[in-house]
Amino acid sequence: MKPIISISMLSADFAHLDRDLKAAEAAGVDWIHVDIMDGHFVPNITIGPNQMKDLRASVSIPFDVHLMISHPLSYIDAFVEGGADLITVHVECEDDTDACLNKIKSHGIKAGIVISPDTPVTAVEPYLDDIDMVLVMSVYPGFGGQKYLTKSSDRLKALKSMIGKRQIRLEVDGGVNFNTLSDVLAAGADTIVSGSCLYHGDIQNNINQFRAIIADICEEK
Ligand code: DX5
Ligand code: ZN
């Protein structure tokens, strides 16, 4: 599967989101990763669907929307209306996972499941025939700039083998930088979320370095 870089908007300058999203697109990023937090599922708050809708016009690359909210079911329609191309919901949320996936897919967009670091990977198994992506949190959700949890590499490997030949992307989110990127790729991740590393310093240089590491590891395989 073609490797994808999904830049986390959380580390952009929120006073200059239009500029920072355009810079990411110009640097060759594949997707924008939009972190939605409700102050309940996680101890932080970001933006809602209306703000996301305003940002949609800034770029034409896909919006990969990560819902860290306790009750995603009643917000899915609004996030689709806001321009989501793919929505992931946490398996730990308080709504019925199948109902969330069905609602997302009823809009004709891609659906995925996210698992937090302490949730057994087997929690994803019942949904494998119904999803387009699994997102493995490699930090505790809520904040950018945290350190990669090393146990995530084994979790990625386990999920990679559970996915088998299915056309399901394996995304990783949290603490991915120049030092940890090769590990997550070697463990089977094909969709890479990164925020603080990519938005720190020169974005084009950072993306070029990511692409070089991806080319190295993917050639070796
Ligand atoms: C954390 C978010 C991540 C975060 C990643 O809850 O889901 O997307 O922004 O940021 P970095 O790459 O800084 O760990
Ligand atoms: Zn995220």
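To be clear, the structure that these remarks concern was listed above.
Definitions and limits used
Just so you know, the residues in each chain are numbered from 1, in the order the chain's sequence is written. Chain A is the first chain written and ligand 1 is the first ligand written, with later ones labelled in order. With the structure being a predicted model, the display of local features is reserved for residues of pLDDT at least 70 and the display and counting of side-chain atom pairs for 80 or more, all residues being used for whole-chain, interface and lining totals. The side-chain values count all of the structure's non-hydrogen atoms but skip hydrogen atoms and water molecules. Secondary structure elements follow DSSP: runs of H or I of four or more residues count as helices, runs of E of two or more count as strands, with numbering from the N terminus. The contact definition used throughout considers only heavy atoms, calling two residues in contact when any of these lie within 4.5 Å. Two N or O atoms form a polar contact when they lie within 3.5 Å of each other; inside protein one atom must be a possible hydrogen donor and the other a possible acceptor, and for residues adjacent in sequence the pair counts only when both atoms belong to side chains. Whenever Lys or Arg places a side-chain nitrogen within 4 Å of a carboxyl oxygen from Asp or Glu, that contact is recorded as a salt bridge. Classification of residues uses two cut-offs on accessible area relative to the type maximum, computed with a 1.4 Å probe and protein chains only: under 20% is buried, over 50% is exposed, and between them is partly exposed.

A few points about the environment of Ser8
Then comes step 1: Its location among the elements puts Ser8 in strand β1 (residues 4-8).
Then comes step 2: C-alpha of Ser8 to C-alpha of Val193: the two residues are 185 residues apart in sequence and 6.2 Å apart in space.
Then comes step 3: Those residues within four positions of Ser8 in sequence are excluded, and the remaining contacts are His33, Asp35, Val193, Ser194, Gly195 and Tyr199.
Then comes step 4: Within polar-contact distance, the side chain of Ser8 engages the side chain of Asp35 at 2.8 Å.

A short note on the pattern of salt bridges
Then comes step 1: For the structure shown, the criterion picks out 12 salt bridges.
Then comes step 2: Lys2 is the partner of Asp30 in a salt bridge, and the nearest nitrogen-oxygen pair spans 3.3 Å. Here Lys2 lies in the segment before β1 and Asp30 lies in the loop between α1 (17-26) and β2 (31-37), a separation of 28 residues in the sequence.
Then comes step 3: Judged by its relative accessible area of 14%, Asp30 is buried.
Then comes step 4: On the basis of relative accessibility, which here comes to 53%, the residue Lys2 falls in the exposed class.
Then comes step 5: Asp18 is paired through a salt bridge with Lys22; the nearest N and O atoms lie 2.6 Å apart.

Quick word on the environment of Ala158
Then comes step 1: Positionally, Ala158 belongs in helix α5 (residues 151-163).
Then comes step 2: Look at Ala158 and you get partly exposed, because its relative accessible area is 27%.

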